[in-house]
Amino acid sequence: MEWFFYAVALPFALLFLASAAYALYWAAKNGQLKEFEKNAASIFDDEEPVGEQTDYFPGRRPANETRR
Amino acid sequence: MNRAPLIFLGVFLALAFSWTGIVLTNQVAYGNLTPIYDDAEEKIFPEATPGVAQRGQLVYQDLGCIYCHTQQVRRLGYGSDIERGWGERQSVPRDYIREKRVLLGTMRTGPDLRNIGARQADSTWHLLHLYDPQITSQGSVMPPYRFLFEMRKIVGEASPDAMNLPSSYVDGTPLPPHSVPTEGYELVPTERAKSLVAYLINLKDTYAYPETFNVFPEEEAEAEQSEAPAEEGH
Amino acid sequence: MASALRIAQSLDPSTSPTSVSRAELSEIDASTKAPALFFLISSVLWLLAGTAFALISSFKMHTPEFLGDYEWLTFGRVRTAHLNTVIYGWSVNAAFAVAFWLMARLSRSVLRHPTLLFVAGAFWNIGVSIGIFGILRGDSTSIEWLEMPSYVTPLLFVAYALIGAWAIITFRFGKSKHIYVSQWYILAALFWFPWLYSIAQIMMIFEPARGTVQALVNWWFAHNILGLWFTPIGLAAVYYFLPKVLGKPIHSYYLSVLGFWSLAFFYNWAGVHHLIGGPVPAWVLSAGIAASFMMVVPVIVTSINHHMTMVGSFSALKYSPTLRFIVFGAVSYTLTSLQGSSMAIRSWSEVTHFTHYTIGHAHWGMYAFFTMVMFGSIYYIMPRLMLKEWPSAALISTHFWATSIGIIIYVAALSIGGVLQGLALNDVENYPVFMDIVELTKKYLLSRSYAGILITVGHLAFAVNFAWMLIAPRAKSSTAPTLFRNPSSMVITR
């Protein structure tokens, strides 16, 4: 009976893989995978820009901080 | 770009997948498991739980016994449940179908209780153990359940339920004075204590269902079972 | 919101775009102030109550006579009260506050009608209070993670429905064009929780399933509460605060999305590994073990992402309290998740299942990961709500060191004790007497109590600092809110 298991399982596994591959292809084609890095920067703005730490212990700052 | 519908769909499918697989499929597969009628014994198994034991289960639930005691025996060869004498066979789903709430448990700070009624059927032992676990099992971390007992004045004849406490623990230290009844007083278990004990004594899966056979190759099982089951601690 | 409009109108139309966005962010923070504070204050009170219950139950584990005569405080009840206070009291309240604050900020949306959230919060907290009271008086259901008696379910459900709806409304009417990954996690968590909770309530309490199907529902629910509610909220906070505090975008946004979907699809099957060896169909267990193993994917992906974001900025840990807690939490997430996957292996589960090892693992996840992340988030959010600094840096340090060292000792003690206990349980030849195994674990249980005392010290430091911040007047000269610059052109009137 073991061949039966493989006869059923293999096509299913292939089908599953194929659908996953197709889903990825579809997502890529429709631009779902674009602009990722832009999203990463969406939490920053002019006032709290990239490159500026926003949290400190009260009254404790690095000595070389010149920004403020 | 608005990905909200895509996210929502994925999120829905993700949980729907396991809900179908774990909950729904099993509910369909064995959610309607029925008791078995044994022609030879002319009885239905698992047997109905007596009312007093059902009330005892509620006490078991409200005191939170489940947090230290499991009620499931694992198969021979996986863990040492059967070698410890916690059961003659592994637990199967049919064992639990009469229970309103299934209390499998996840902790074994204390021993498994699935077959406690089979290995300790003496209600006096259970009452002493509940009153002060150190009397029967010195060194235990089980809390005392003295509040399930009543210290009361003897009026007329002494109660037949009155507890007979030993004067000292196994190691010779005397029981603390506040837990021993003084002259003219007696210690009696409340209804809750008695129903809890009835529940515990009723806990035993001794009937062999068809599905409990051949779960394990027979010779191997016999070979392993011939080793003497270990004694339950005290 | 009339007052919000007034603030917007009060701004000079000729103000520079930067102060407009500044004003917008402050306005959003301000709109969340009342409900967020309400949830945070409740959560801190629950944390203290939960800590007290924890200490009592921990002492009882090695000294059973401790408070032994009080039925209300018997181990089985006080331990349950501990779990429910820290989960439904502390964690859920903190999660609500953090989720709301993040949602409003990330959607660039003012929180509308915050009074309704108050009502929801009141319902939730009254529900939990009645539930804990019910557990202590003996109405516990004895269903793990679902112990609160059924009479509080409607209260909790109404509260949750309001809160979930509000988060979605905030998201829907937001101005942000992007959906940041933290929002993915929060939206998903908000959607998953009611599904899990209602199915579990129906199939366990109102119309109980027959036999061990109950156990499957129980662990499908209980593990998913961790995996699909607390984990996403915790990760949402890490994905926001880690880059935000550092001022550095997340290393790879792509990885964070991959992490999200692999978590969504694998975590929800994993819960049944709590039943390995139990009387349930073997194929379900195998599926659960496979899923537990697949969880390695999102965990590794997430930890690579967090680590690569941190690389080069470790010195910032010295200066930022938020970052310390968040990084501690993120590292714990990786480690505890890998430990969790390993515990699903049949041969390892044979040893660790049913032992204190599992308790150590649970605290590693819920405390060292989730709770620490919530602490970090609160350290960031509070100054922006109150527009003032935390009063004491020393108390923050005490809080961090006491809780982090405490939880490390805690997990170490229970892990070692648990493995020894598990090995002994399986070794009938050398440990035929059960009481010897109990004896073996006692010293580890005692160490756990010491760790608990240390953690309590940390919580007290936190609570004192928190209360102090609430009542202390705002120094006029302060540049607060902490860490914000206040453009002189702008005056925030509240």
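Everything quoted here is computed from the prediction, not taken from an experiment.

Parameters at a glance
Residues numbered from 1 in each chain as written. Chains lettered and ligands numbered in written order. Predicted model: local features only at pLDDT ≥ 70, side-chain atom pairs only at ≥ 80, totals over all residues. Heavy atoms only, no water. Patch = residues over 30% accessible without salt bridge, like charges linked within 9 Å, V, L, I, M, F, W, Y side chains within 5 Å. Areas by Shrake-Rupley, 256 points an atom, 1.4 Å probe, with all protein chains shown as cover. Salt bridge = Lys/Arg side-chain N within 4 Å of Asp/Glu carboxyl O. Helix = DSSP H or I, 4+ residues; strand = E, 2+ residues; numbered from the N terminus. Contact = heavy atoms within 4.5 Å. Buried area = accessible area lost by both parts, 1.4 Å probe. Buried < 20%, exposed > 50% of the residue type's maximum accessible area, 1.4 Å probe, protein only. Polar contact = N/O pair within 3.5 Å; in protein donor to acceptor, adjacent residues only side chain to side chain. Core = buried A, V, L, I, M, F, W, Y, C linked by side-chain atoms within 4.5 Å. Axes fitted to C-alpha atoms, helices over the stretch in contact; angles between N-to-C directions. Parallel < 35°, antiparallel > 145°, perpendicular 65-115°, else oblique. Left-handed = near helix turned anticlockwise from the far one by under 90°. Nonpolar A, V, L, I, M, F, W, Y, C, P; charged D, E, K, R; others polar. Expected span 1.5 Å × (residues − 1). Bend = angle between axes of the 7 residues up to and from the residue. Pairing = 2+ DSSP bridges. Phe/Tyr/Trp six-rings, centres within 6.5 Å; stacked < 30°, edge-to-face > 60°. Lys NZ or Arg CZ within 6 Å of the ring centre and 35° of its normal.

## Looking at a nonpolar patch on the surface
A contiguous nonpolar patch, built from Phe8, Leu9, Phe12, Leu13 and Phe17 of chain B together with Phe265 of chain C and spanning about 570 Å² of accessible area, is present on the exposed surface. The element contributing the most residues to the nonpolar patch is helix 1 (residues 4-30) of chain B, with five residues. By the element assignment, Phe17 of chain B lies in helix 1.

## A look at the interface of chain C and chain B
In this assembly, 89 residues from chain C lie in contact with 83 residues from chain B. Across the chain C/chain B interface, buried area totals approximately 7,000 Å², and carbon plus sulfur atoms make up 64% of it. When the buried surface of chain C facing chain B is broken down by residue, Arg210, Phe354 and Phe434 of chain C rank first, second and third, together holding 11% of it. Where chain C meets chain B, there are four salt bridges.

## Remarks on helix 4 (residues 123-131) of chain B
All names here are of chain B. Within helix 4, seven of the nine residues are buried, which leaves it mostly tucked inside the rest of the structure. Buried within helix 4 we find Trp125, His126, Leu127, Leu128, His129, Leu130 and Tyr131. Packing partners of the buried residues in helix 4 comprise helix 3 (116-119), helix 5 (133-136), strand 3 (149-153), strand 4 (185-189) and helix 6 (191-202). With a side-chain oxygen positioned 3.0 Å from the backbone nitrogen of Thr124, the residue opening helix 4 is Asp122.

## Observations concerning the nonpolar core
Counting 206 residues, the largest nonpolar core has Trp124, Trp145, Phe221, Trp229 and Met382 of chain C as the members making the most contacts within it. Take this core: its biggest share by element is 24 residues, from helix 7 (residues 213-246) of chain C. Aside from chain neighbours lying at most four places away, what touches Met382 of chain C is Leu37, Leu40, Leu387, Trp390, Phe466, Met469 and Leu470 of chain C. Listed in part, the nine residues of the second largest apolar core include Trp86 of chain B together with Met435, Ile437 and Leu440 of chain C.

## Examining the packing of helix 4 (residues 114-137) of chain C against helix 5 (residues 153-172) of chain C
Residues and elements named next belong to chain C. One way to put it is that helix 4 packs onto helix 5 with a least axis distance of 8 Å and a crossing angle of 150 degrees. What the angle tells us is that helix 4 and helix 5 run roughly antiparallel. Crossing of helix 4 against helix 5: the hand is left-handed. Along its contact with helix 4, which presents Leu116, Leu117, Ala120, Phe123, Trp124, Ile126, Gly127, Val128 and Ile130, the element helix 5 presents Leu155, Leu156, Ala159, Tyr160, Leu162, Ile163 and Trp166. Along the lines of polarity and charge, the residues of the contact of helix 4 with helix 5 split into 15 nonpolar, one polar and no charged.

## Examining helix 15 (residues 434-471) of chain C
Along an α-helix, a turn takes 3.6 residues, which lines up residues three or four apart on a common side. Taking 1.5 Å per residue, 38 residues should reach 56 Å; helix 15 of chain C reaches 54 Å between its end C-alpha atoms and fits that length. Taking the largest bend as the criterion, helix 15 of chain C deviates by roughly 35 degrees, centred on Lys442 of chain C.

## Quick word on the pairing of strand 4 of chain B
Residues and elements named next belong to chain B. Within strand 4, four of the five residues are buried, which leaves the element mostly enclosed by the surrounding structure. Strand direction decides the pairing type here: strand 3 and strand 4, joined by five bridges, are antiparallel. Along strand 4, the bridge assignment pairs Glu150 with Val188.

## Focus: the packing of aromatic side chains
Under the criterion given, the structure shown has 54 aromatic pairs over all chains. Centre to centre, the rings of Tyr145 of chain B and Phe147 of chain B are 5.7 Å apart; their planes meet at 80 degrees, and the pair counts as edge-to-face. Here Tyr145 of chain B matches Phe147 of chain B in class, with each residue buried. Between the aromatic rings of Trp101 of chain C and Tyr240 of chain C, the centroid separation amounts to 6.5 Å while the plane-to-plane angle is 80 degrees, which identifies the pairing as edge-to-face. One end of the pair, Trp101 of chain C, is in helix 3 (residues 75-107); the other, Tyr240 of chain C, is in helix 7, with 139 residues separating them in the sequence. With respect to class, Trp101 of chain C is no different from Tyr240 of chain C; both count as buried. Positioned above the aromatic ring of Phe354 of chain C is the side chain of Arg108 of chain B, whose terminal nitrogen or guanidinium carbon lies 4.0 Å from the ring centre.

## What to know about the side chain of Ser140 of chain C
Along the polypeptide, Ser140 of chain C turns up in the loop between helix 4 and helix 5. Ser140 of chain C gets classed as buried once you look at its relative accessible area, which sits at 7%. Polar contacts involving the side chain of Ser140 of chain C include one to the main-chain amide nitrogen of Ser142 of chain C, which spans 3.0 Å. When residues no more than four places from it in sequence are discounted, the contact partners of Ser140 of chain C are Gln61 and Tyr67 of chain B together with Thr80, Gly134, Ile135 and Glu147 of chain C.

## Structural notes on the pattern of salt bridges
All names here are of chain B. Per the counting criterion, the structure on display carries 22 salt bridges over all chains. A salt bridge links Asp62 to Arg192, with the nearest nitrogen and oxygen atoms 3.2 Å apart. Placement of the pair is Asp62 in helix 2 (residues 51-63) and Arg192 in helix 6, with a sequence separation of 130 residues. The class of Arg192 is partly exposed, set by a relative accessible area of 28%. A salt bridge links Asp81 to Arg74; its shortest N-O distance comes to 3.5 Å. In this structure Asp81 comes out as buried when scored by relative accessible area, which is 2%.

## A word on the packing of helix 7 of chain C against helix 8 (residues 253-270) of chain C
All names here are of chain C. Where helix 7 contacts helix 8, the axes come no closer than 9 Å and their chain directions differ by 165 degrees. In terms of orientation, helix 7 lies roughly antiparallel with respect to helix 8. In the packing of helix 7 onto helix 8, the handedness of the crossing is right-handed. Every residue of helix 8 that contacts helix 7 at Trp220, His223, Asn224, Gly227, Leu228, Thr231, Leu235 and Tyr239 is listed here: Ser256, Leu263, Tyr267, Asn268 and Ala270. Looking at the contact of helix 7 with helix 8 residue by residue, the classes come out as seven nonpolar, six polar and no charged.

Read these as geometric descriptors, not functional statements.
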